Amino acid sequence: MYSGKENLSLESDIDLRVLDFLDLIRNRYLSTEDCLKPMDLAKKVQYLTLDVISTVGLGNSFGMLKADKDVNDYIKSGEEGLWVSNFLMGTGLHWIMQIEWVGRLLGPSTDDLKGFGKMMATTGQMVAKRLQSPTDARSDMLASFIRHGLIGNELWMEAFEQVLAGSDTTASGIRGILLCLLSNPRVYKKLQAEIDGAVEDGRAPSTGIISDAQLRRLEYLQAVIREGLRIFVPVVNIFARDVPPEGDEVIVDGESVQIPGGTWIGYSALGMHLNKATYGEDAEVFRPERWLIDDKDHLANMTRVNDLIFGYGRWKCLGQTVALIEIGKTIFEVHDELPLLNIVGLDILTVLEGAA
């Protein structure tokens, strides 16, 4: 339903939020030898992704970067909600929340003054305001949903779901890539050299935010992004699908396998994206150079598997375009500030919490 291509202001909207992110870093968190300013980079990245998706999806930013705080405890509430839902699913008690009075008692409400319920209310207000504008005045995500016939609660819930799905996942992707860069000086220096060279010869701007078209021509940066998303897959759910009642046939390692109807087919993200048969004996190693080989067939196979990070077919992530533009611009623009930051909060546990 929505790919981002019909939103003519998509890239400029993302640019505004990336600028907010850079302003926050440069004005508040650049450290010197005499003055260290600890920065929870993992949390600031999530401020960025929530501000981007609210701008792109709802037409207005939540304002987290400018406020430099978790506005209305949206993030805190989301983390608590995920913990509760994971606990209930893990213990087999998820059905409890489907009981109407339990849901009303324990679940979020649009009357809440902060947290998840407040985010729901704010999203509803933004949707209502957006409905007052013609869909051709701002061809954004909401306009696309409206043109495709969504109304009332369907429109509100779809918009709210996009905010949730498009923030945590992208934040996890950026965190993972930054962690890989910070823990691999060789790769960081090589990326720095490519970016410096691009700026010097005019392939990238010396001021302002780089364009998506320019980003796509920076081969090593694109390899870093693919490799970072492979090592730290933003979403590791199995995404089970039902086999049609009549059953199906698939080819596994060159052999035909019959699958009975009604079978659940799951997707093992870690198994596929760390597979040595696909990526080589060093599949568990962060090595962007694997994406710069001349073997077209092998590269095509790796790319097909890597693209599954965003799903496949009609289940493919609607926000892939938004996420890749946001990730590319953020990594390019923030790389120069990384050595000047006293970073806290960006570690393997943080990345895995986001992915979960």
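1. Considerations on the confidence of the model for the protein
- Of the residues in the protein, 92% have a pLDDT of 70 or more, and the chain-wide mean is 85.
- Taken element by element, the protein is modelled with least confidence in helix α16 (residues 348-355), mean pLDDT 52, and with most confidence in helix α11 (residues 219-231), mean pLDDT 97.

2. Quick word on the pattern of salt bridges
- Scanning the entire structure with this criterion turns up 15 salt bridges.
- Here R26 ties to E337 by a salt bridge, and the two come within 3.0 Å at their closest N and O atoms. With a gap of 311 residues between them, R26 in helix α1 (residues 10-29) and E337 in the loop between α15 (320-334) and β6 (342-344) connect regions that are remote in the sequence.
- Judged by relative accessible area, R26 falls into the partly exposed class, the value being 40%.

3. Focus: the environment of T123
- Following the sequence through the fold, T123 ends up in helix α6 (residues 115-131).
- The spacing of T123 and D111 is 12 residues in sequence and 13 Å in space, taken between C-alpha atoms.
- Those residues within four positions of T123 in sequence are excluded, and the remaining contacts are L58, W156, A159 and F160.

4. Here we look at the nonpolar core
- With 78 residues, the main nonpolar core has F62, L178 and I331 as its most contacted residues.
- Of all the elements, helix α8 (residues 152-182) adds the most residues to this core, at 12 residues.
- Not counting chain neighbours up to four residues away, the residues in contact with I331 comprise I174, I177, L178, L181, L191 and L221.
- One finds Y279, A283, W291 and V305 within the second-largest nonpolar core, a separate group that totals 6 residues.

Cut-offs and rules
Residues numbered from 1 in each chain as written. Predicted model: local features only at pLDDT ≥ 70, side-chain atom pairs only at ≥ 80, totals over all residues. Heavy atoms only, no water. pLDDT = per-residue confidence, 0-100. Helix = DSSP H or I, 4+ residues; strand = E, 2+ residues; numbered from the N terminus. Salt bridge = Lys/Arg side-chain N within 4 Å of Asp/Glu carboxyl O. Buried < 20%, exposed > 50% of the residue type's maximum accessible area, 1.4 Å probe, protein only. Contact = heavy atoms within 4.5 Å. Core = buried A, V, L, I, M, F, W, Y, C linked by side-chain atoms within 4.5 Å.

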